[in-house]
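Summary of structural features
Spelled out from the first residue to the last, the chains are:
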Amino acid sequence: MAKINKNKFKQSFETKMYSLYAQSINDATDEQLLNVLCSVIKDIISKKWVDNKLDSQKEVYYFSIEFLLGRQLKSNLLNLGIENVVRESLKELNIDLDNLINAESDPALGNGGLGRLAACFLDSMASLNISGHGYGIRYKHGLFEQKFINGYQVEVPDNWLTQGGYVWETVRPNKAIVVKFEGNVNLIDKNGRLEVNHTDYLPIMAMPYDIPIIGYGNNSINTLRLFKSEVLSRDFGPLTVNARNSYGSYEDALKYKYYAEEISQVLYPNDSNYAGRLLRLKQEYFFVSAGIQDIIRKYKKKKLDIKKLNEKVAIHINDTHPTLCIPELMRILLDEEGLSWDEAWDITINTISYTNHTIMTEAMERWPKEMVKRLLPRIYMIIEEINKRYVNELEERKYDHEKIYRMSIIDNNDIKMANLSIVGSHSVNGVAKLHTELLKKEVLKDFYEHEPEKFNNKTNGIAHRRWLISANSELSDLITGLISEDWKTDTNKLKELEIYRNNKDVLEKIGEIKYSNKERLAKFIKEKYDIDVNPNSIFDVQVKRLHAYKRQLLNALHILHLYHELLENPNFDMEPRTFIFGAKAAPGYYLAKCIIKFINSLADKINNDPRIDNKIKVVFIENYGVSIAELIIPAADVSEQISTTTKEASGTGNMKFMMNGAITLATLDGANIEIFDQVGKDNIVIFGLSANEVLNYNKFGGYSALDLYNSNRNIKRVVDDLINGFIPNMEKEGREIYDSLITYNDEYFVLRDIENYIEAQEKIDKLYKNKDKWNEMALINIANSGVFSSDRTIAEYAHDIWFKGCEGNE
Ligand code: CR1
C-alpha cells in the first residue's frame, strides 16, 4: 500500500493547485479540486508505473473495443489504501472528498456487459500481480446520454471529456504509432524472398493516452492504453499531404483531417448487435494495428528473439472486434520481420486467444470482402492466404462441401470474423458453462469437432472491490467484522459467513443495511423524479441493456397483471413492491424503444392511481450506467435475470446483485445456472422454459402465441391492454409490441413463460413475508458469491490460457 502522511499530502495538494491553476484552494471549483487531487495521486504512483516488464515476465495484452471503467477516484483510493488519510487531509483543507468523488465524470466507453467485464478484468489482473494491459479506443463521445421526454428515449451526446481531457490520462506523443489505410500493395520477388510494397496509403496517427490501473494493496500498476486518431503531424499541413505521396489542396488536407479524427469520435451504441459500417471496420483495424505495433516495438527494444514472442507475450481478443490482431500480427512477422509463413503462423496461433460473448447470429461479425480489400489491402491478402490453407486442411480431412463452406473464413461475400478468430488462436472460450456447451454443441459444432482441445469455459466474474467493498461499505464492514479481512483478497472465504445463517442478530443487521441502502436510493428517486417510494416495499430491480431477449417486457406485463389483480380486488394480498428499471436501447432498435415507452406510460398510470393505495410503484431510472448501478444494486431485494433461456451468454449483473444479498429471480440461462448451483434451490427462484425446450421449439416449431393468447384469460387481458387504450399515450408503440407477440409469434417466448413467471413472483411475495428467512437467503447468497469474483476468472485465464506451460509466471 502507498504510504503518505497528512502534512506532506496537504502541501503537495496546495503546491499542485498553484502549479496547475495559479490560484488558491479557496477559489477552486470542484472540478479543479478533483483535477488537483488526481494529479497528486498520479505523482504518488508515478514511480511504480513502468509500462514494460517484458524481460522479466510474460505480459498479457487485452484487446477490447470497449472498456466501461466507471469512476476511478474512489476505487484508486481504495486500492492504494489511502482513502482515510486523503479524506482527513482534505477535511483539514475544508474540502469534502465525496464531492470530488461525485464530480468525476463516468467514462462511458462501453455499452454493457462486454465492456464492463473488460474493466473488471483490468482490476483483477493488477490485483493478482499479473502484468496485464488493455488496448482500446479513446472515444471522444462515450455511449450516448439517455433522457426521457414524454416517456420516449432521447439520445444526447455524452461529453465525458470535460474541458478536453480526462483526469486520469497521460498522453504520450513520443509513443505515437502510424496506422496505414487504403493504398496499393505490390509483392516484389527479391531473390526468392517476397518484399511487400505498400504505396499511396493514408497514414493515421494513433496517439496513446494511458490510464493507470492500480492493483489492490500490492503496489502493482498496469496500463490501459487508449488510442486517439489524429492526422500524421499535429500541425497538419503540407506534411500530411506529402505522406500520401501527392501534393493536394488545402481542401484535401481538411478532408484528411476529418478522415483521421472521425475514427475515434464515437462508440457504436449497439449491444449484442453487429454494427456493419465502414467506420466501425476502420476503428477495429485502427486500435488493433496500433496495439500490435506497440507490443512488437516494446518487445524488440528489449532485444528479445522474435521467434519466441509467444513465450513473453499473450494477446487476448475480447470478442471478434479485435480479430484483425491475427492478420496484423502475421503481417508484421512476415513483412517486417521476414519470417516464413509457417513460422509466423505458429507464433501467431500460440500468442492469441479468443473469447466469444454471444450466440446471437445477428451479433456475429461479417465484413464484406470488397470493403476489407479496399480499406486494408495487405490484411486482405493475408486473410485470403489463411483461408486457402485452412480450406486445404479441411479438404484433406475429407469433410463434405457444405461443412467446409460453413467453416471457411471467407464465403462468397464476406469474411466471417468468428471463424477467423477460432482458426487463428490457440484457445476459444465461452463465458459461462451453458454458453460454452452451446458453442460446442450448436453454434461452433463444426469447429469443436475439428479441434476440441481449443475449447474451454471461463465463467465471467466481477470486481468485488468495486461492487461490494466500495459500493456497499456497510455490508463490507459487517462481513469483515464477522470473518476478518481475508475475504477481500480471497473471496472464497465469504463462505465462512454461512455459520451465521441462524444468528438472529446478524440476519437483522443484514436487513438493516439493506434498508438503509434502500432509503438512500429512495431519496435519490424522490429528488430526481419526485416519486415517493417506500423503503419497506420489495425493491424488485431489472437493470441492463434493453433487448427483446432480456425480456423487460415480461417484467412489465407481470406488473400490468398485478395491477389488474389489485383493481379487481382491493384486498388482494401482496407485499408492496417497487419495480425499478434502468436500460438504454440502441438508438436504431425500434422495438426496444417501444418497450421503454410502454414501461414509462405504465409507470405514469400506476404511480398516479390512488385506487391501488401505493401497493405498486414503477420507476424507470434514466441513463443507466456504472455509477448509478453502484447506487441501485446494493438496494435491491430481487434481481431480475429473466432472459429467454440460451440467449444470455452469461450475465454479470446477476453476480453483482447476488453478492449484495439480493434474491435472484431467474431462468436457467447463462451464469444463473451457476448461481443456482452455488446457493441451492431454496435460495433462488427459478421459472421458465429449459434450454432444451427453447432449442426444440426453435428447431421443430410447436409454439403458437396466438393459441395461448386465445386460451388464457390472464395473458389475453394484458396483451389486449397494449392496444385498447387502457394505458394512454402509447398507441403506436403498443401496437408494435402486440405485433411482436401475436403477429410474429413471440420470438422470445414471453407469453409462453408468463404464467410460470407469475407463480415465481407469488413465491417471492410469500418468501418476503418472513423477514428472517429472507435475510437468511440473502446471507447464503453473499456467502456463496465468492466464486463470481473476477479474480477467480482471471486466475483461470492465467492458468489455463495465458501462462499455460510457463513456470513461476502467475
Ligand atoms: C453477453 O450478452 C455477457 C457479456 C460479457 C455479452 C452477456 O451475457 O455477460 O457479454 N455479449 O461476457 C456481448 O456483448 C457482443 O456480445
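The shown structure was predicted, so the numbers you read here are calculated from the model rather than taken from an experiment.

Another aspect to go through is the overall build of the chain. Looking only at helices and strands, the chain features 33 helices and 24 strands. For 810 residues, the compact-globule estimate of 2.2 N^0.38 gives 28 Å, and the chain sits close to it at 27 Å. Counting only C-alpha atoms, the chain reaches 90 × 75 × 55 Å along its principal axes. Taken over 810 residues, the chain has a buried fraction of 62%. Residue pairs in contact within the chain that sit at least 24 positions apart in sequence constitute 76% of those at least 6 positions apart. As displayed, the chain offers around 31700 Å² of accessible surface, 47% of which is attributable to carbon and sulfur atoms.

The next subject is the site of the ligand. The local shell around the ligand holds 15 residues, among which H357, N460, E648, S650 and G651 are the closest. Measuring from an oxygen atom of the ligand, one finds a side-chain N or O atom of H357 at 2.6 Å. Taking 400 Å² as the accessible area of the ligand by itself, protein coverage stands at 94%. Classifying every residue of the shell around the ligand gives five nonpolar, eight polar and two charged. When residues of the shell around the ligand are sorted by domain, at least three fall in each of domain 2 (52–70 + 106–459 + 797–801) and domain 3 (489–694 + 750–788).

Taken as a whole, the second largest pocket spans an internal volume of roughly 740 Å³. Looking at the second largest pocket, it is lined by 28 residues, and the ones nearest its centre are I359, T361, M364, E442 and V443. For the lining of the second largest pocket, the elements supplying multiple residues, two or more each, are α15 (401–407), α16 (417–423), α17 (433–443), α18 (445–450) and α27 (691–700). Per-class residue counts for the lining of the second largest pocket are 12 nonpolar, four polar and 12 charged.

Below, the discussion takes up the side chain of N607. With respect to the secondary-structure elements, N607 resides in helix α23 (residues 590–607). The class for N607 is buried, based on a relative accessible area of 17%. Within polar-contact distance, the side chain of N607 engages the backbone oxygen of V618 at 2.8 Å. Here N607 is in contact with I531, I616, K617 and V618, once residues within four sequence places are set aside.

What follows is about the environment of E575. You can see E575 is positioned in the loop between α22 (552–568) and β20 (577–582). The buried category is assigned to E575, whose relative accessible area is 17%. Setting aside anything within four residues of it in sequence, one finds E575 in contact with I538, K615, D765, Y768 and K769.

This part is about the UniProt feature "modified residue: N6-(pyridoxal phosphate)lysine" (unreviewed entry) in the chain. The positions UniProt marks with the feature "modified residue: N6-(pyridoxal phosphate)lysine" (unreviewed entry) are K656. Within the secondary structure layout, K656 lies in helix α25 (residues 653–659). Using a relative accessible area of 7% as the deciding quantity, one classes K656 as buried. Not counting chain neighbours up to four residues away, the residues in contact with K656 comprise R116, I462, W467 and I633.

This next bit is on a nonpolar patch on the surface. On the surface, a nonpolar cluster with roughly 240 Å² of combined accessible area is contributed by I149, Y152 and V154. Relative to the helices and strands, V154 resides in strand β6 (residues 152–156). For V154, a relative accessible area of 30% corresponds to the partly exposed category.

Further remarks concern the nonpolar core. Across soluble globular proteins, you tend to see nonpolar side chains buried next to one another. One finds F13, L37, F63, L73, F181 and W802 to be the most contacted residues of the largest nonpolar core, which totals 200 residues. Of all the elements, helix α9 (residues 278–301) adds the most residues to this core, at 10 residues. Contact partners of F181, with chain neighbours within four places excluded, come to Y201, L202, I204, Y259, I263, K282, Y285, F286, L375 and L376. Core analysis: the next-biggest nonpolar cluster, separate from the first, contains 72 residues, A363, A592, Y748 and Y757 among them.

Remark: the centre distance and the inter-plane angle together describe each pair of aromatic rings, the angle taken between the planes. Evaluation of the coordinates by the stated rule reveals 21 aromatic pairs. With a centroid separation of 5.8 Å and an interplanar angle of 80°, the aromatic rings of Y62 and F121 are classed as edge-to-face. With Y62 in strand β1 (residues 59–63) and F121 in helix α6 (residues 113–127), the pair connects residues that are 59 residues apart, well separated along the chain. Comparing Y62 with F121, the two get one shared label, buried. Relative to Y135, the ring of F63 lies with its centre 5.0 Å away and its plane at 35°, an arrangement referred to as tilted. Of this pair, F63 sits in strand β1 while Y135 is found in strand β4 (residues 132–137), placing the two residues 72 residues apart along the sequence. Taking the relative accessible area as the measure of exposure, Y135 reaches 2% and is therefore buried. Over the face of the ring belonging to Y152 we find K597, whose NZ or CZ atom lies 4.5 Å from the ring centre. Looking at K605, its charged tip hangs above the ring of F726, at a distance of 4.3 Å from the centre.

Looking now at the domain arrangement of the chain. With domains assigned, the chain is organised as domain 1 (1–51 + 81–104), domain 2 (52–70 + 106–459 + 797–801) and domain 3 (489–694 + 750–788). When each unit is reduced to the centre of its C-alpha atoms, the spacing between domain 2 and domain 3 is 36 Å. Taken together, the contact between domain 2 and domain 3 spans 36 residues of the former and 36 residues of the latter. Taken together, the two surfaces of domain 2 and domain 3 that pack against each other cover about 2800 Å², and 60% of this comes from carbon and sulfur. A salt bridge links E155 to K593; the nearest nitrogen and oxygen atoms lie 2.7 Å apart. The interface formed by domain 2 and domain 3 holds 13 residue pairs in polar contact (both at pLDDT 80 or more) in total. If you list the elements that add at least two residues to the side of domain 2 that touches domain 3, you get α6, β5 (145–149), β6 and α17.

With that settled, consider empty space enclosed by the protein. The tally for this structure, following the rule as stated, stands at six cavities of 30 Å³ or more. In this structure, the largest cavity spans a volume of roughly 130 Å³. Taken together, 13 residues form the lining of the largest cavity, with Q72, S75, D123, I213 and R466 sitting closest to its centre. Listing elements by their share of the lining of the largest cavity, those giving two or more residues are α3 (73–80), α6 and β11 (202–214).

Spatially, six strands are ordered β21-β20-β19-β22-β23-β24 in an open sheet, and the strand pairing comes out parallel. Taken across any chain shown, the strands that pair with only one partner, and hence form the sheet edges, are β21 (616–621) and β24 (685–686). With two bridges joining them, strand β23 (residues 663–666) and β24 adopt parallel strand pairing. The residue of β24 that forms the bridge with L665 is V685. Contacting β19 (538–543), β20 and β21, helix α21 (residues 504–529) crosses the sheet at an angle of about 75° to β21. Sheet strands touched by α22: β19, β20, β21 and β22 (638–641). Its angle to β20, the strand with the most contacts, is close to 155°.

With respect to the element layout, D123 can be found in helix α6. With a relative accessible area of 13%, D123 lands in the buried category. Once the C-alpha coordinates of D123 and G110 are considered, the two residues, 13 residues apart in sequence, prove to be 16 Å apart.

Criteria and cut-off values
- Residues numbered from 1 in each chain as written.
- Predicted model: local features only at pLDDT ≥ 70, side-chain atom pairs only at ≥ 80, totals over all residues.
- Heavy atoms only, no water.
- Helix = DSSP H or I, 4+ residues; strand = E, 2+ residues; numbered from the N terminus.
- Rg over C-alpha atoms; globule rule 2.2 N^0.38 Å.
- Buried < 20%, exposed > 50% of the residue type's maximum accessible area, 1.4 Å probe, protein only.
- Contact = heavy atoms within 4.5 Å.
- Areas by Shrake-Rupley, 256 points an atom, 1.4 Å probe, with all protein chains shown as cover.
- Near = heavy atom within 4 Å.
- Polar contact = N/O pair within 3.5 Å; in protein donor to acceptor, adjacent residues only side chain to side chain.
- Nonpolar A, V, L, I, M, F, W, Y, C, P; charged D, E, K, R; others polar.
- Domains from an automatic or database assignment.
- 1 Å grid on protein atoms, 1.4 Å probe; cavity = no way out; pocket = protein on both sides within 12 Å on 5 of 7 lines; lining within 4 Å.
- Points joined across faces, edges and corners; volume = space filled by probe spheres on them.
- UniProt positions renumbered as here; feature names shortened; annotations may be inferred.
- Patch = residues over 30% accessible without salt bridge, like charges linked within 9 Å, V, L, I, M, F, W, Y side chains within 5 Å.
- Salt bridge = Lys/Arg side-chain N within 4 Å of Asp/Glu carboxyl O.
- Core = buried A, V, L, I, M, F, W, Y, C linked by side-chain atoms within 4.5 Å.
- Phe/Tyr/Trp six-rings, centres within 6.5 Å; stacked < 30°, edge-to-face > 60°.
- Lys NZ or Arg CZ within 6 Å of the ring centre and 35° of its normal.
- Buried area = accessible area lost by both parts, 1.4 Å probe.
- Pairing = 2+ DSSP bridges.
- Axes fitted to C-alpha atoms, helices over the stretch in contact; angles between N-to-C directions.

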